[in-house]
Protein chains: 2
Amino acid sequence: MKENHFKYIGRPVPRMDAPEKVTGTLKYMTDYHFEQMVWGKVLRSKYPYARIKSINTSKAESLPGVVCVLTHKDIPGFNGFGIVVPDQPVLARDVVRCTGDAVALVAAETKEIAEHAISLIEVDYERLNPVTDAEFAMSSNAPSLHENGNIHSHVIIKNGNMDTAFEEADVILENTFYSPRQMHAFIETEGGWGIQEPDGMLTIRCPGQYAYRDRLQIARALAMNPARIRVISHPIGGAFGGKDEITVQIYLALLALHSGGRPVKIHLSREESVIAGIKRHPFKVEMKTAAKKDGTLLANQVRAVADTGAYASLGGAVIALAIEHCCGPYKIPNVDLEGFCVYTNNGISGAFRGFGVNQVCAAIETHMDMIAEKLGMDPIELRKKNAYEKGERSSIGHELKTSVGTLKTLETAETCELWKNREMYKKNISEPWKKRGIGIATSFHAVGMGIGLPDYGAATIELLPDGTFKVGVGCEDIGGGNSTVYAQVAAELLNCDIEKITVIQGDTAETLDSGTVTASRSTYTGGKAIAAAVPHMIRVLTEAASAQHRVEPENILIGENEYYAMTKNGEQVSTYEKLYAYLHENRLSTKVEGHFMLPKEKEELPQSGGAPHHLYGYLTHLALVEVDTLTGETEVLRVVSIPDAGQVLNPQGLEGQAEGGAVMGIGYTLYEDVLMDGGYHQTANFTNYIIPTIRETPVIETFPVESTEETGPFGAKGIGEVVMIPIIAAIMNAIYDAAGVRIMHLPATPERIYKALKSRDVRQ
Amino acid sequence: MKENHFKYIGRPVPRMDAPEKVTGTLKYMTDYHFEQMVWGKVLRSKYPYARIKSINTSKAESLPGVVCVLTHKDIPGFNGFGIVVPDQPVLARDVVRCTGDAVALVAAETKEIAEHAISLIEVDYERLNPVTDAEFAMSSNAPSLHENGNIHSHVIIKNGNMDTAFEEADVILENTFYSPRQMHAFIETEGGWGIQEPDGMLTIRCPGQYAYRDRLQIARALAMNPARIRVISHPIGGAFGGKDEITVQIYLALLALHSGGRPVKIHLSREESVIAGIKRHPFKVEMKTAAKKDGTLLANQVRAVADTGAYASLGGAVIALAIEHCCGPYKIPNVDLEGFCVYTNNGISGAFRGFGVNQVCAAIETHMDMIAEKLGMDPIELRKKNAYEKGERSSIGHELKTSVGTLKTLETAETCELWKNREMYKKNISEPWKKRGIGIATSFHAVGMGIGLPDYGAATIELLPDGTFKVGVGCEDIGGGNSTVYAQVAAELLNCDIEKITVIQGDTAETLDSGTVTASRSTYTGGKAIAAAVPHMIRVLTEAASAQHRVEPENILIGENEYYAMTKNGEQVSTYEKLYAYLHENRLSTKVEGHFMLPKEKEELPQSGGAPHHLYGYLTHLALVEVDTLTGETEVLRVVSIPDAGQVLNPQGLEGQAEGGAVMGIGYTLYEDVLMDGGYHQTANFTNYIIPTIRETPVIETFPVESTEETGPFGAKGIGEVVMIPIIAAIMNAIYDAAGVRIMHLPATPERIYKALKSRDVRQ
């Protein structure tokens, strides 16, 4: 490791939230219980698509112990929510479009009474024929699920001349890829509690990824002054994008208004979370890629269709990001890329770690593997040949102005032990009928929001009477560990011990609006905002020390945990406690703010939905797998993760992200899929939704490459999403390397691999 | 006048802002000049409808003295604004839809250089055939000006059975009414100034009707944290709805970002204000009304089409309010009401005092007059017969739950001197060829926002060191005089002299979000919020006095301008200064908040766009006119305004509203219309847009009827809009009474009256 002059930056500072999370002493919002509490329950739609003829709540209302029963009639404001387009009703009025649709709410003295009351609500439905296939949904024969038809968004990026490119090509590949409806599978299902204070103020405690935006969505539905609503969204038992959209916040708020000042709690069962919570968009990706004999990529044609289910949520942004990334970190001169985000009656899809890039990376990185094979080239060599560098143009035609790590990550892959000794690793099979293979894939992921979207950070630092600092950032720690990094940045720059830093997050009453925790942006944005706040705090402390000791500010030195005044009588020491006492006595502020805006590209590619981004993280994955040719089962034995995340602020944190991302990628590639049939969820719970456990977790090595992103805090950029992306294709390529079958319909279940093995055997 | 126990409420307290407004010492935002200031100018579209092929700013940029030239490429965030649907581009990118569209911005050292630079910007347009007729715009032959076609909104309210109603009718009237494109004609045209502070914060000083919403619209366009933008929207040189939408705030913000920390000022000339500012929606109203022989109204069929011009702004809400009010304050059992808000290339229409009700009241109240005539009934008798009362159902079918003053206002009209002596007044002509007539009309107007829209008030009261109170309300005083009423409410309830009250308004840094100043709501909402804050201040003061004199709070008495403590040593006095000193010393807060939410109806009429409202103000107007039969000129000689505004908080303020509203109604009925031809404004300035002056202002008498609205502050409700509504039809009916011609195409210009007189003479 390179020399490090810092006390905290670049050091493996243990996660500050680890002890209480690991020991279970931390209380999540859904862990709270109160004497006076009432229980909220949501009545979900019985059908994936139906007209509501009437709703009769009288039986439920007369059940003893029921506090209130609410329907769409009880929504004081706008009956809808949705981050981009508020097309999802809070409570359905005349139509339901998926089985997750909420139709009524109940609050009752006990959970059991609430459940009973829910069962007593009579909804008269007129069933309609559900639309369950995204391609069919786009056809003129499909009924329109929303006012403007079923195509929610359509993005297009074109460059060069496809016809001549395909004519000049020596290799052309054309395949269709299908990807699963992944579940976020966070530890804490959607839930929280709310209360109306005696003064009318609403407090909603509900885990989320952007308390300020949640508050605006609640305020719109309640027609209420947002300043009268406090949203506390932190801590949170995992999110991964699944709590970016409104979950139960508005239900809690509505019930709180009707529960006479008593706290109301909602906590979805896992089964309800499966049905009502958002999922990763299943994609169909048709890709046609052309290359020259020497491996130079010539053209890529892509048509991607994302099934967003009944409501848009962030679907338009997901398909836009997918199209922006679908050519990989390469320079392909001719591209014709098109994406559709389509409404169906299949639940609801939304934000999920990777945000559409996972689905398209699987396609392009399979094609890269196939091209290398066809041309007899080394797969790393092929990728190096086509990778763009800083200053060059990407496939979508924009100039890369910030750091690009692809080449470095590929060079590191080439020299790592697994790759160098790959023949040895492959031979070392555990049973004669098992086969081993090694796959590689590389990818990238934007850091921050697209053009035109707000991308700011804001932080506060407050000196407390005990001489510690309270650092406030709006961004929640949704599991990525940003709280620890925030403390590191603050302690490093304030020149104090990290024990003197408390980080508070995700509370509209205590922290400033710092944007959403998505797009791999919170370390970058929050870190920079803290860095912007520190000079203000140093000025406050310096001036206090200067006044306290009656010397000019120039004669104040910043020491570790204290300030020194060079007075005529020699050096005088001011501790933080003393400085606080002085400030307090003189009614001077002990709190400062720092603000930051993420730099952006200026020129948006027309019809691209926000591309290009200004900054990307890069990563190469290697995977060693063993395929059981008798059963089709695949085991991932070893993973190498080589990220370019700029300067690493916390190596332990980076490893945590790399390992978590890899395991999530393994689940996506091999096991996970929420199955639906006719608009009904066939997957109910973890009984038939398989996620990797420690048993399926391989050895994961992380070798970050060194780069410095000048705009980032201490040279860092984001990493939260790309860590789960190339591993998907790396495993797919490794399965091919092992067993000679290309699985293009994920997950690569034993059944699919077994079937592919059989059909290959027949063909051979 | 009835007995009044109050010191300030119900008293004619002079407007607090009157002296500095009348003497011209008050500085409006657009009056400011600074040494370092740069001037901003907006390049508007050359054509009402065209495609932009290219924009070349290089010549403008190289002009010495130019600070920056900005186009759509320089918008960091979302390139659009609009209160309901942000369909208006901040700076046009590929298409212009009206001559008010902004295409580029310039900041320069002087106004002259800025103007010169604007003229140097080369825009290559491809002209398109403008759509200038709202009925044609709805046809399938019209090009679509926006993605979803030209019908921006369509509202429908139906009740009863129209066919049988028309069969049973003894009188049926069917007419089409046209109303003008009125200009707000505020004293201060759109303008203001902005600056980026050294810490990055933006301060925008621009008169507006809702600083908090303006801030959100600016933040969206700039992709900026709203907390980093301060909007100061008060004082304001008149608004009348015309500054409800964004005017130049976003231009100021964009230019401020590119002017190196120097203040940027924009101030539209009257000519630019005419072209770019919003106007009142011109309506076509087709109305068919049926009554029985005894005068009982049977049915009303209405089809109203509002021309919203190039962008929606509040057009959807305007047509919804028009349809809600188009049957007058009557109970008509059968109605079939339909309204369309339609895009054309005729400038932009938006909010304007009356908000669509003016246009439909003209129609129904003309029909009422015609029915009375046909049946030989007294016009007041006919109205009384059909007027609904509290607890009854309106024509749109909802039950009136709040105070209804129509009958009282009609009874007052019957007994007023002008009506009683109407024959005498009519005979008293000034020349033999002039004819006099008296007309009556009654109407109503919703107070507050429709169902589903936020409708809250928030106020702060702060005790200052000098023992005065700073009362903060977000709502601006757009000319209606709410600041004086706020001071009255605060002084009355705090039991202090009104001189001790300072009211601050419209500043996101100093006042809470209190909603928009529209919908005749600000006295009601702000007044209630102050009333909600006072008890908190009294508690603070009582506790301070109690602690100061070491007695229990029960032993504190609230005196006029001071607090008394009943101690063992007798009565001790605490002045506000002393109480402040105590609070300050003990680090106790000297500031309190008050919040209020306007009560709402629960059940929205489907497809009505937010109807019904919970509360309405009512008003009957009488007008005496004299028509010159040789020239067609009409003079309004006398107006009686009989409002039901609940309890009157300030009789002088109410008279001011009644007089201003009447004069604005006279202008609307007789003179005002912004004429257009092929999408170009034919009206340029007040040279050819005639508004009433003191010469045209008649004697206006105001006789408020007594009612008490339980939910309002001291029993008050709103009055700002209804004061200009029935006068329109009253004048129309008076013209008929005088000269025997019905003018259904407003304004009733001399030309139109003359022509009508001629054609009547021919027919006779």
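About the thresholds
- Residues numbered from 1 in each chain as written.
- Chains lettered and ligands numbered in written order.
- Predicted model: local features only at pLDDT ≥ 70, side-chain atom pairs only at ≥ 80, totals over all residues.
- Heavy atoms only, no water.
- Helix = DSSP H or I, 4+ residues; strand = E, 2+ residues; numbered from the N terminus.
- Rg over C-alpha atoms; globule rule 2.2 N^0.38 Å.
- Contact = heavy atoms within 4.5 Å.
- Lys, Arg positive; Asp, Glu negative; His and termini not counted.
- Charge placed at Lys NZ, Arg CZ, Asp CG, Glu CD.
- Buried < 20%, exposed > 50% of the residue type's maximum accessible area, 1.4 Å probe, protein only.
- Least-squares fit on C-alpha atoms with pLDDT ≥ 70 in both.
- Arc of directions from axis to C-beta.
- Domains from an automatic or database assignment.
- Buried area = accessible area lost by both parts, 1.4 Å probe.
- Salt bridge = Lys/Arg side-chain N within 4 Å of Asp/Glu carboxyl O.
- Polar contact = N/O pair within 3.5 Å; in protein donor to acceptor, adjacent residues only side chain to side chain.
- UniProt positions renumbered as here; feature names shortened; annotations may be inferred.
- Expected span 1.5 Å × (residues − 1).
- Pairing = 2+ DSSP bridges.
- Axes fitted to C-alpha atoms, helices over the stretch in contact; angles between N-to-C directions.
- Left-handed = near helix turned anticlockwise from the far one by under 90°.
- Nonpolar A, V, L, I, M, F, W, Y, C, P; charged D, E, K, R; others polar.
- Phe/Tyr/Trp six-rings, centres within 6.5 Å; stacked < 30°, edge-to-face > 60°.
- Lys NZ or Arg CZ within 6 Å of the ring centre and 35° of its normal.
- Core = buried A, V, L, I, M, F, W, Y, C linked by side-chain atoms within 4.5 Å.

A. Main features of the overall build of chain A. Helix and strand content of chain A: 20 helices and 28 strands. For chain A, the C-alpha radius of gyration of 27 Å lies close to 27 Å, the compact-globule estimate for 764 residues. Along the first, second and third principal axes, the C-alpha set of chain A runs to 90 × 75 × 50 Å. A separation threshold of at least 6 residues defines the contact pool for chain A, and within that pool the share at least 24 residues apart is 80%. Of the charged side chains in chain A, 74 are positive and 94 negative, and the gap between their average positions amounts to 2 Å.

B. Summary view of unusual backbone geometry. In this chain, A611(A) is followed by P612(A) through a cis amide linkage whose omega measures -5°. The topology assignment puts P612(A) in the loop between β23 (591-597) and β24 (616-628). At Q607(A), a position not held by glycine, the phi torsion is positive, near 65°. Tracing the backbone through its elements, the reader meets Q607(A) in the loop between β23 and β24. On the accessibility criterion, Q607(A) (53% relative accessible area) is exposed. The phi torsion at S520(B) lies on the positive side, around 50°, for a residue other than glycine. Mapped onto the fold, S520(B) is located in the loop between β19 (501-505) and α16 (522-548). Here S520(B) falls in the buried class, since its relative accessible area comes to 14%.

C. View of the relation of the copies chain B and chain A. With an RMSD of 0.0 Å, the fit of chain B onto chain A corresponds to turning through 180° and sliding 0.0 Å along the axis. The two molecules are tied by a two-fold rotation axis, judged by turn and shift. For chain B, the minimum C-alpha distance to the rotation axis belongs to N148(B) and amounts to 3.9 Å. Interface residue correspondence from chain B to chain A reaches 100%, placing this contact among same-surface, isologous pairings.

D. How the structure looks around helix α17 (residues 576-585) of chain A. Residue and element names in this part refer to chain A. Y576, L579, Y580 and L583 are the residues of α17 that are buried. Axial view of α17: buried residues confined to an arc of 100°, hence all on one face. For α17, the secondary structure elements touched by its buried residues are β17 (456-463), β18 (469-473), α15 (482-494), α16 (522-549), β21 (562-567) and β22 (570-575). Downstream of α17 by a residue or two, R587 has a phi angle that is positive, lying close to 55°.

E. Region of interest: the domain arrangement of chain A. Residues and elements named next belong to chain A. Along its sequence, chain A is organised into domain 1 (18-23 + 456-597), domain 2 (32-128 + 190-267) and domain 3 (283-450 + 603-763). Put simply, the middle of domain 2 and the middle of domain 3, counted by C-alpha atoms, are 37 Å apart. Across the contact, 19 residues belong to domain 2 and 18 residues belong to domain 3. Carbon and sulfur atoms make up 57% of the surface buried where domain 2 meets domain 3, a total of about 1500 Å² over both sides. Of all residues in domain 2, P48, D87 and F240 bury the most surface against domain 3, accounting for 34% of the area lost on that side. Joining domain 2 to domain 3, the criterion identifies 0 salt bridges. Inspection of the domain 2/domain 3 interface yields 8 residue pairs in polar contact (both at pLDDT 80 or more).

F. Quick look at the UniProt feature "domain: Aldehyde oxidase/xanthine dehydrogenase a/b hammerhead" (unreviewed entry) in chain A. Residues given the UniProt feature "domain: Aldehyde oxidase/xanthine dehydrogenase a/b hammerhead" (unreviewed entry) here are residues 23-129 of chain A. For residues 23-129 of chain A, the end-to-end C-alpha separation is 49 Å, with 14% helix and 32% strand making up the annotated structure.

G. Fine view of helix α18 (residues 651-670) of chain A. Taking 1.5 Å of rise per residue, 20 residues should cover 28 Å, and α18(A) covers 28 Å from first to last C-alpha, within 8% of that figure. For α18(A), the N-terminal cap is N650(A); the gap from its side-chain oxygen to the backbone nitrogen of Q652(A) is 3.0 Å.

H. Representation of the pattern of salt bridges in the model. This structure, assessed with the given rule, holds 67 salt bridges over all chains. Here K717(A) makes a salt bridge to D644(A), at a shortest N to O gap of 3.0 Å. In this pair, K717(A) is assigned in the loop between β28 (699-702) and α19 (726-739) and D644(A) in strand β25 (residues 634-644), connecting sequence segments 73 residues apart. We note that K717(A), like D644(A), is buried. A salt bridge links D244(B) to R213(B); the shortest N-O distance between them is 2.7 Å. On the criterion of sequence distance, the pair formed by D244(B) in the loop between β11 (229-232) and α7 (249-257) and R213(B) in helix α6 (residues 211-222) is long-range, its members being 31 residues apart. Judged by relative accessible area, D244(B) falls into the buried class, the value being 2%.

I. Region of the structure containing the sheet that holds strand β16 (residues 434-446) of chain B. All names here are of chain B. The sheet built from 4 strands is open, its strands ordered β16-β24-β25-β28 with mixed pairing. Two strands lie at the open edges of the sheet, namely β16 and β28 (699-702), each paired on one side alone. Looking at each pair of strands side by side, their axes are set apart by 15° on average, direction ignored. Sheet analysis places strand β25 (residues 634-644) next to β28, joined by 4 bridges and oriented parallel. Note that in β28 the partner of V640 across the bridge is E701.

J. Layout of the packing of helix α10 (residues 357-375) of chain B against helix α19 (residues 726-739) of chain B. Residue and element names in this part refer to chain B. Across the interface, α10 lies against α19 with an axial gap of 8 Å and an inter-helix angle of 40°. Of the two elements, α10 crosses α19, and the hand of that crossing is right-handed. Facing N358, C361, A362, E365, T366, D369 and E373 of α10, the residues of α19 in contact are P726, I728, A729, M732, N733 and Y736. Each residue belonging to the contact of α10 with α19 can be placed in one class, and the counts come to 7 nonpolar, 3 polar and 3 charged.

K. Representation of the environment of E389(B) within the structure. All names here are of chain B. With respect to the secondary-structure elements, E389 resides in the loop between α11 (379-386) and α12 (406-415). On a C-alpha basis, the gap between E389 and S403 in space is 8.2 Å, while along the polypeptide they are 14 residues apart. Ignoring any residue separated from it by four or fewer positions in sequence, one finds E389 in contact with L400, V404 and L407.

L. Just the interface of chain B and chain A, in detail. At the junction of the two partners, chain B supplies 30 residues and chain A supplies 30 residues. Taking both sides of the interface into account, the surface hidden between chain B and chain A amounts to around 2400 Å²; carbon and sulfur atoms contribute 48%. Across the chain B-chain A interface, the total number found is 2 salt bridges. Ionic pairing is found between D74(A) and K602(B), a salt bridge with its closest N-O pair at 2.9 Å. Taken together, the residues that form the side of chain B that touches chain A break down as 12 nonpolar, 6 polar and 12 charged.

M. Here's a closer look at the packing of aromatic side chains. The tally for this structure, following the rule as stated, stands at 28 aromatic pairs over all chains. Judged by centre distance (6.0 Å) and plane angle (15°), the ring pair of F444(A) and Y618(A) falls under stacked. Separated by 174 residues along the polypeptide, F444(A) in strand β16 (residues 434-446) and Y618(A) in strand β24 bring together distant segments of the chain. Here F444(A) and Y618(A) have matching classes, each one buried. Both rings, one in Y388(B) and one in Y618(B), keep their centres 6.3 Å apart while their planes meet at 80°; by these two values the pair is edge-to-face. Taken together, the positions of Y388(B) in the loop between α11 and α12 and Y618(B) in strand β24 (residues 616-628) put the pair 230 residues apart, joining distant regions of the chain. Of the aromatic side chains, those joined through ring pairs into one cluster are Y388(A), F444(A), Y616(A) and Y618(A). Between R742(B) and the ring centre of Y736(B), over which it is positioned, the NZ or CZ distance is 3.8 Å.

N. Structural detail: the sheet that holds strand β18 (residues 469-473) of chain B. Residue and element names in this part refer to chain B. One open sheet accounts for 4 strands, arranged β19-β18-β17-β23; its pairing is mixed. Edge positions in the sheet fall to β19 and β23 (591-597), since each of these pairs with one other strand and no more. Within the sheet, the average angular offset between the axes of one strand and its neighbour, ignoring direction, is 20°. As defined by bridge partners, strand β17 (residues 456-463) adjoins β18 across 5 bridges and the pair is classed as antiparallel. Looking across to β18, one finds that T460 is bridged to G472. Sheet strands in contact with α16 are β17, β18 and β23, and its direction is about 145° off that of β23.

O. Here's a closer look at the nonpolar core. F283(B), V285(B), L337(B), I731(B) and I735(B) are the most contacted members of the largest nonpolar core, which totals 85 residues. The contacts of I731(B), once residues within four sequence positions are left out, are A623(B), V625(B), V636(B), I666(B), T669(B) and L670(B). Counting 84 residues, the second-largest nonpolar core is a separate cluster that includes V639(A), A729(A), A734(A) and A739(A).

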